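So you can see what is in the structure, the chains are spelled out below.
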Amino acid sequence: MKKNIKAELSQNFASGLVVFLVALPLCLGIALASGAPPLSGVIAGIIGGIVVGALSNSNISVSGPAAGLTAIVLTAITDLGGDLKAFELFLCAGLIAGILQLVLGFIRAGSISNYFPNNVIEGMLAGIGIIIVLKQIPHAFGIDTDYEGNEKLFNGGLNLEYFKELMIYFKTLIQDIHPGAVVVTLVSIAILLTWENVPALRKLKMLPGALVAVVAGILLNQLFISTGSVLAISSEHLVPLPVPKSAEDFKNLITLPNFSGFTNPKVWIIGGTIAIVASIETLLCIEASDRLDTKRRITDTNLELKAQGIGNLFSSLIGGLPMTSVVVRSSANANAGATSKSSAIIHGVLLLVCVLSIPFILNL
């Protein structure tokens, strides 16, 4: 039994490491986009990995803060006041969502996933993929602030005005390009492509290409900084993670729910909305994750809803964002060769350990 556990952890450590590398910037980015404290996204990632990973019987799926909930969370926090007190009230909505998901699991509402058409799942995956590509292209060129015409550009439809806005958009991109970011992007892509296409390197599962790309990017930027090069990427282009210097600092980073929110009807509406959207997104992602499983194992969707409900309860109690099963991290997990849910748990443990021990290194 001990040998089996050791072998399983050994097989899945590399994939857990890859998911951790993918999850960290996503957790922070989703929190910032949601108008929530940065650490709230990381907390949700940790709970999604350790708690939901342990309770779920999905072997590929990874849970954490979801881009699909960003608009709901941002609108909710804004409606409740838009400050830290509003976020404390919002955490009550997360608790309500968790309870409702538990109820949905017990009444076996997960079986609704059996009626999702294949094209809905494929459309969801394609939609998320397009959004990720569009959002990441500016960052690849070192442009980390949204162009003010972005919403008009992508929502206006194909017409003459669209192409005029497109030209203005690209002109703005060219003016704001950071050459150091472009160098790091090209080097990272070259490493990832090389790792996938050279058989000898692909066999090094304990040294995934994603990790090599991240380390290479850090070392390159440190070289640029130490030599005073114009290619140096400054701190405003890096992911900001709070660095607690004492136990009191760490305590102040955790936000607890304001339970008076349970008397606010608006909080209950937000909680119900999150429960419905998060449950549907989870079920869609579980269907997609099962297809990515090379062993064709089927996840118990009712158990998954219960696991998600417990995860959202834990996350909201200690200041984390609501979560779902997320397709980006699940896809990265499958592509990295995960064979069991221990990979998701490993990614959660790595998030916890690294955020507690080396936040200053992660900020590089």
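Residues numbered from 1 in each chain as written. Predicted model: local features only at pLDDT ≥ 70, side-chain atom pairs only at ≥ 80, totals over all residues. Heavy atoms only, no water.

> I tried to follow the nonpolar core on my own but got confused; where do I start?
Counting residues in each nonpolar core, the largest one holds 48 residues, and the members touching the most others are Val42, Phe90 and Leu321. Counting only elements with at least two residues in this core, the list comes to helix H1 (2–33), helix H2 (38–55), helix H3 (70–79), helix H4 (84–106), helix H12 (265–292), strand S2 (323–326) and helix H15 (342–357). Those residues in contact with Leu321 that lie beyond four places of it in its chain are Ile30, Ala31, Ser34, Ala36, Ser40, Gly41, Ala44, Pro65, Val73, Phe87, Asn312 and Ser315. Met124, Leu284, Ala288 and Val327 belong to the second largest nonpolar core, which has 9 residues in total. (Core = buried A, V, L, I, M, F, W, Y, C linked by side-chain atoms within 4.5 Å. Buried < 20%, exposed > 50% of the residue type's maximum accessible area, 1.4 Å probe, protein only. Helix = DSSP H or I, 4+ residues; strand = E, 2+ residues; numbered from the N terminus. Contact = heavy atoms within 4.5 Å.)

> Quick question: what am I supposed to make of the packing of H2 against H15 here?
Put simply, H2 and H15 touch, their axes get as near as 7 Å, and they point 145° apart. Considering only the axes of H2 and H15, their crossing is left-handed. Along the contact surface, H2 presents Leu39, Val42, Gly45, Ile46, Gly49, Ile50, Gly53 and Ala54, while H15 presents Ala344, Ile345, His347, Gly348, Val349, Leu351, Leu352 and Val355. (Axes fitted to C-alpha atoms, helices over the stretch in contact; angles between N-to-C directions. Left-handed = near helix turned anticlockwise from the far one by under 90°.)

> What exactly am I supposed to notice about a nonpolar patch on the surface here?
Judged by side-chain polarity, Phe250, Ile254, Leu256, Phe259, Leu317, Ile318, Val349, Leu352, Val353 and Leu356 come together as a nonpolar surface patch covering roughly 820 Å² of accessible area. Here the nonpolar patch gets 4 residues from one element, more than from any other, and that element is H15. Mapped onto the fold, Leu352 is located in helix H15. For Leu352, a relative accessible area of 34% corresponds to the partly exposed category. (Patch = residues over 30% accessible without salt bridge, like charges linked within 9 Å, V, L, I, M, F, W, Y side chains within 5 Å. Areas by Shrake-Rupley, 256 points an atom, 1.4 Å probe, with all protein chains shown as cover. Salt bridge = Lys/Arg side-chain N within 4 Å of Asp/Glu carboxyl O.)

> I tried to follow the pattern of salt bridges on my own but got confused; where do I start?
Between side chains of opposite charge, a pair can form as their charged atoms come close. In the structure shown here, the tally under the stated rule is 1 salt bridge. A salt bridge links Asp293 to Arg297; its shortest N-O distance comes to 2.8 Å. Residue Asp293 is classed as buried on the basis of its relative accessible area, which comes to 2%.

> Whenever I open this one, the confidence of the model for the chain confuses me. Can you help?
Detailed reading of the predicted model is not advised wherever pLDDT is low. Of all residues in the chain, 88% attain a pLDDT of 70 or more, and the chain-wide mean is 84. Confidence scores differ between elements of the chain, with helix H6 (residues 150–155) showing the lowest mean pLDDT of 46 and helix H13 (residues 301–317) the highest of 96. Residue range residues 147–158 is modelled with pLDDT below 50. Its contacts to residues more than four positions away, or to other chains, number 14 contacts. (pLDDT = per-residue confidence, 0-100.)

> Can you help me understand H13 in this one?
An α-helical turn contains 3.6 residues, so a residue and the one three or four places further along point in the same direction. Between the first and last C-alpha of H13 there are 24 Å, a value that for 17 residues agrees with the 24 Å anticipated at 1.5 Å per step. The buried fraction of H13 is high, at 12 of 17 residues. Among all positions in H13, only Thr301, Asn302, Glu304, Leu305, Ala307, Gln308, Gly309, Gly311, Asn312, Leu313, Ser315 and Ser316 are buried. Those residues of H13 that are buried are in contact with H2, strand S1 (62–65), H4, H12 and S2. Capping the start of H13 is the job of one residue whose side-chain oxygen sits 3.1 Å from the backbone nitrogen of Asn302: Asp300. Backbone geometry just after H13 places Gly319 at a positive phi near 90°. (Expected span 1.5 Å × (residues − 1). Polar contact = N/O pair within 3.5 Å; in protein donor to acceptor, adjacent residues only side chain to side chain.)

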